[in-house]
Amino acid sequence: MTDHPHQSSTVRLFVALAPPDDAKDELAAALQPAYEKYSHLRWNRIEDWHITLAFLGELPVATVPLLRPALARLAADHPSPGLRLNGGGHFDERLLWSGIEGELAGLHRLADEVRDTARACGIAFQERPLRPHLTLARAKRGQETDILSASAGLADFTGRTWQAERLHLVGSNIGRGPGVIRYRDIEAWRFAGES
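Residue positions are counted from 1 within each chain, in the order its sequence is given. Residues qualify for local features only when their pLDDT is at least 70, as the model is predicted, and side-chain atom pairs are given and counted only at 80 or more; totals for whole chains, interfaces and linings, by contrast, use all residues. As a rule here, side-chain values come from all non-hydrogen atoms in the structure, and water together with hydrogens is ignored.

1. Quick notes on the environment of His 133
Here is step 1 of the chain: With respect to the element layout, His 133 can be found in strand E6 (residues 133–138).
Here is step 2 of the chain: Once the C-alpha coordinates of His 133 and His 50 are considered, the two residues, 83 residues apart in sequence, prove to be 8.4 Å apart.
Here is step 3 of the chain: Here, residues are in contact when the closest pair of their heavy atoms is within 4.5 Å. If sequence neighbours within four positions are ignored, His 133 has contacts with His 50, Ile 51, Phe 91, Trp 97, Ser 98 and Ile 100.
Here is step 4 of the chain: Polar contact criterion, stated in full: a pair of N or O atoms within 3.5 Å, where within protein one must be able to donate a hydrogen and the other to accept it, and residues adjacent in sequence count only if both atoms are side-chain atoms. Separated by 2.6 Å, the side chain of His 133 and the backbone oxygen of Arg 131 make a polar contact. Secondary structure follows DSSP: runs of H or I at least 4 residues long count as helices, runs of E at least 2 residues long count as strands, and numbering of each begins at the N terminus.

This is the structure we're talking about:
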């Protein structure tokens, strides 16, 4: 990634896993009634769905080349956890999510190793406990009951088990604006055992 004068010299970075397309399609089908009933919520684009392992925050673009080789080595040495999307919930009645089930001990180990790797690269970031989830939508004030209702609609959802294929380094524009949050894959590395 090159830094041109018209581009920002910082990027908001996180390391994440992404469900495969068929697992996302299963969840999107279960969400169809909520999409129709609560179209005014700020729904994340399906192609942006991810499970954050470490949120590194707003960092200089020069951080990216430091992280690339270290994350590549970590992925190459790490087995991929078997996971599935399961049920729904909310944070503070403002953020709708789907839960994550499966090899959670392996997921927590992977998140710990990602965070250790970032620290070893000299990156200081705010430590947040891992609460595995996939963010689906955000609500404005006054829409909390819609989030609660959409969450209840996912209570019985259980997706199929899948293996995360890659470890993703992602940049986002998350923050101040009222628009949809956009994410872009900076790079992704295959896990051990994935061909």
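2. Quick look at the confidence of the model for the protein
Should the pLDDT be low somewhere, the predicted coordinates at that spot are not to be read in detail.
Here is step 1 of the chain: The predicted model of the protein averages 90 in pLDDT, with 90% of residues at 70 or higher.
Here is step 2 of the chain: Every residue is assigned a pLDDT by the predictor, reflecting its confidence on a scale from 0 to 100. Note on residues 1–6: pLDDT is under 50 here. Beyond four places in sequence and across chains, it has 8 contacts.

3. Quick look at helix H2 (residues 63–77)
Here is step 1 of the chain: Expected helix span is taken as 1.5 Å per residue step, with the number of steps being one fewer than the number of residues. Compared with an ideal rise of 1.5 Å per residue, which puts 15 residues at 21 Å, H2 spans 22 Å between its outermost C-alpha atoms and is within 8% of the ideal.
Here is step 2 of the chain: For H2, the elements touching its buried residues are strand E1 (10–17), strand E3 (51–60), helix H3 (104–120), strand E8 (166–172) and strand E9 (183–190).

4. Remarks on the pattern of salt bridges
Here is step 1 of the chain: Criterion for a salt bridge: a side-chain nitrogen of Lys or Arg within 4 Å of a carboxyl oxygen of Asp or Glu. Considering all chains together, one arrives at 11 salt bridges under this definition.
Here is step 2 of the chain: Close ionic contact of Asp 21 with Lys 24 constitutes a salt bridge, the shortest N to O distance being 3.8 Å. Here Asp 21 and its partner Lys 24 are both found in helix H1 (residues 21–37), 3 residues apart, which amounts to about one turn of the helix.
Here is step 3 of the chain: Residue Asp 21 is classed as exposed on the basis of its relative accessible area of 55%.
Here is step 4 of the chain: Each residue is placed in one exposure class: buried if its accessible area under a 1.4 Å probe, protein chains only, is under 20% of its type's maximum, exposed if it is over 50%, and partly exposed if it falls in between. Assessed through its relative accessible area of 8%, Lys 24 is described here as buried.

5. Here we look at the sheet that holds strand E7 (residues 162–163)
Hydrogen bonds between backbone atoms are what pair the strands of a sheet, whose relative direction is either parallel or antiparallel.
Here is step 1 of the chain: Pairing between two strands is assigned when DSSP locates at least 2 bridges connecting them. Taken together, 5 strands build an open sheet; the order of strands is E2-E6-E5-E4-E7 and the sheet is antiparallel. Sheet topology places strand E2 (42–43) and E7 at the edges, where each strand pairs with a single neighbour.
Here is step 2 of the chain: An axis is simply a line fitted to the C-alpha atoms; with a helix, the fit covers only the stretch in contact. Between two such axes, the angle follows the N-to-C directions and lies from 0 to 180 degrees. The strands touched by helix H4 (residues 144–153) within the sheet are strand E4 (82–91), strand E5 (95–102) and E6, with E4 carrying the most contacts at an inclination of about 150°.

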